[in-house]
Amino acid sequence: MTFFGATAFQLVLLRRMADFQPDLADEARRRLGASLADQREANKHWQAMVRSPRSRGALARYRSVLGPPESAERRTIGDLECEALLWPVPLWPDLRFEVLAAPDGAVWNEWLVRAPGAHGPVLDSAADLLPWSATVDEVARAFAPVRPMEGTAPTRWRLAFDAPGGPCVAEFTYGLLQRVSTPGD
């Protein structure tokens, strides 16, 4: 790939999701018209941008890769003020890539969220939690109260909660549900 833009960025997201859902990630990669070599090259390029000593800040990197955000709004989370920026991700038309940035431009969080106005899934039981069907905030609302747990990598989140039928742990990559486990799985 010679140009790093939205398609290459989606390949980077898929690379991490393939750890949990290789078949879904492979199918999505093919929908993007990309080969495994393209995906490896995109990830290599992204990692070089992130780790470069001359690297721009994360927010500037997202703007250069994804272009201007579809929307940006001020948000208050507890005592903290931030800016929430949203970009479309064509693989998931009902989702947006959200970056929460501090007033100084430092990125606090980056993940997939439901697009404004898009309807999320109905989540009544653990059986409704299908891979790639829900975001962290949707699962947290549906099964409140949840207990955030440390993820297994920087782009991963886990939530423990009680669902009809017993306790569960949901795992997410870039904010998108990957799998749900129950004790004994």
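What you are looking at is a predicted structure, and each value in this text was computed from that prediction instead of being measured.

Trainee: What is the right way to read the packing of helix α1 (residues 6-17) against helix α3 (residues 36-51) from this model?
Mentor: Axes are the key here: two packed helices are described by the angle between their axes and the distance separating the axes. Packing of α1 against α3 brings their axes to within 8 Å, and their N-to-C directions diverge by 95 degrees. Our classification of the angle between α1 and α3 gives roughly perpendicular. On α3, the residues touching A8, F9, L11, V12, L14 and R15 of α1 are D38, Q39, R40, A42, N43 and W46. Taken together, the residues of the contact of α1 with α3 break down into seven nonpolar, two polar and three charged.

Trainee: How do you make sense of the layout of surface pockets when you look at a structure like this?
Mentor: Vacant regions in the atomic arrangement are exposed by a probe of water-molecule size rolled over the atoms. Of the voids in this model, the largest pocket is the one considered here, and its volume is about 340 Å³. What lines the largest pocket is a set of 16 residues, among which W46, Q47, P154, T155 and Y174 lie closest to the centre. Those elements giving two or more residues to the lining of the largest pocket turn out to be α1, α3, α4 (58-66) and β4 (107-114). Sort the elements by how many residues they give to the lining of the largest pocket and α3 lands first, with five residues. Class assignment for the residues of the lining of the largest pocket results in eight nonpolar, four polar and four charged.

Trainee: Looking at this model, I keep getting lost on the sheet that holds strand β6 (residues 156-163). Mind explaining?
Mentor: Hydrogen bonds between backbone atoms are what pair the strands of a sheet, whose relative direction is either parallel or antiparallel. A sheet is described by the order of its strands in space; here four strands give the open sequence β5-β6-β7-β8, paired in antiparallel fashion. Looking along the sheet, the strands with just one partner apiece sit at the ends: β5 (147-149) and β8 (176-181). Neighbour to neighbour, the strand axes of the sheet diverge by 30 degrees on average, direction disregarded. Bridge count for β6 against strand β7 (residues 166-173) is eight bridges, and the pairing is antiparallel. Across the sheet, residue W157 finds its bridge partner in β7, namely F172.

Trainee: What exactly am I supposed to notice about the nonpolar core here?
Mentor: One broad trend across soluble globular proteins is that nonpolar side chains are buried collectively. Core analysis: the largest hydrophobic core is formed by 30 residues, its most contacted members being F9, W92 and F97. Secondary-structure elements contributing two or more residues to this core are α1, α2 (22-31), α3, α4, β2 (80-88) and β3 (95-101). Counting residues per element, this core draws most heavily on α1, which supplies seven residues. For F9, the residues in contact, after removing those within four places along its chain, are F4, W46, Y62, V65, L66 and F97.

Trainee: Explanation requested: the side chain of S133 in the structure shown.
Mentor: Along the polypeptide, S133 turns up in the loop between β4 and α5 (136-142). A relative accessible area of 19% places S133 in the buried class. Residues in contact with S133, not counting those within four places in the same chain, are R114, P121, D128, E138 and L177.

Trainee: What should I look at first to understand the packing of aromatic side chains in this one?
Mentor: Each aromatic ring pair is described using two quantities: the centre-to-centre distance and the angle formed by the ring planes. Inspection of the entire model under this criterion finds eleven aromatic pairs. Measuring from centroid to centroid gives 6.4 Å for Y62 and W87, while their planes differ by 40 degrees, and the two rings are tilted. Of this pair, Y62 sits in helix α4 while W87 is found in strand β2, placing the two residues 25 residues apart along the sequence. When its relative accessible area of 1% is taken as the criterion, W87 is described as buried.

Trainee: Explain the pattern of salt bridges to me, please; I cannot follow it from the model alone.
Mentor: Where charged atoms from two side chains of opposite charge come close, those side chains can pair. What the rule picks out here adds up to eleven salt bridges. Two residues, R96 and E70, come together in a salt bridge whose shortest N-O distance is 2.6 Å. Taken as a pair, R96 in strand β3 and E70 in the loop between α4 and β1 (71-77) lie far apart in primary sequence, 26 residues in all. Of the residues examined, E70 reaches a relative accessible area of 45% and is grouped as partly exposed. If you follow the salt bridges from partner to partner, you end up with R16, D19 and R156 in one network.

Trainee: What is the right way to read the sheet that holds β4 from this model?
Mentor: The sheet built from four strands is open, its strands ordered β1-β2-β3-β4 with antiparallel pairing. Both edges of this open sheet fall to β1 and β4, since each of them pairs with a single strand only. On average, each strand axis in the sheet is tilted by 25 degrees relative to the strand beside it, whichever way the strands run. As paired strands, β3 and β4 are joined by seven bridges and run antiparallel to one another. Note that in β4 the partner of R96 across the bridge is V113. Lying on the sheet, α4 is in contact with β2, β3 and β4; it crosses β2 at an angle near 20 degrees.

Cut-offs used in this document
- Residues numbered from 1 in each chain as written.
- Predicted model: local features only at pLDDT ≥ 70, side-chain atom pairs only at ≥ 80, totals over all residues.
- Heavy atoms only, no water.
- Axes fitted to C-alpha atoms, helices over the stretch in contact; angles between N-to-C directions.
- Helix = DSSP H or I, 4+ residues; strand = E, 2+ residues; numbered from the N terminus.
- Parallel < 35°, antiparallel > 145°, perpendicular 65-115°, else oblique.
- Contact = heavy atoms within 4.5 Å.
- Nonpolar A, V, L, I, M, F, W, Y, C, P; charged D, E, K, R; others polar.
- 1 Å grid on protein atoms, 1.4 Å probe; cavity = no way out; pocket = protein on both sides within 12 Å on 5 of 7 lines; lining within 4 Å.
- Points joined across faces, edges and corners; volume = space filled by probe spheres on them.
- Pairing = 2+ DSSP bridges.
- Core = buried A, V, L, I, M, F, W, Y, C linked by side-chain atoms within 4.5 Å.
- Buried < 20%, exposed > 50% of the residue type's maximum accessible area, 1.4 Å probe, protein only.
- Phe/Tyr/Trp six-rings, centres within 6.5 Å; stacked < 30°, edge-to-face > 60°.
- Salt bridge = Lys/Arg side-chain N within 4 Å of Asp/Glu carboxyl O.

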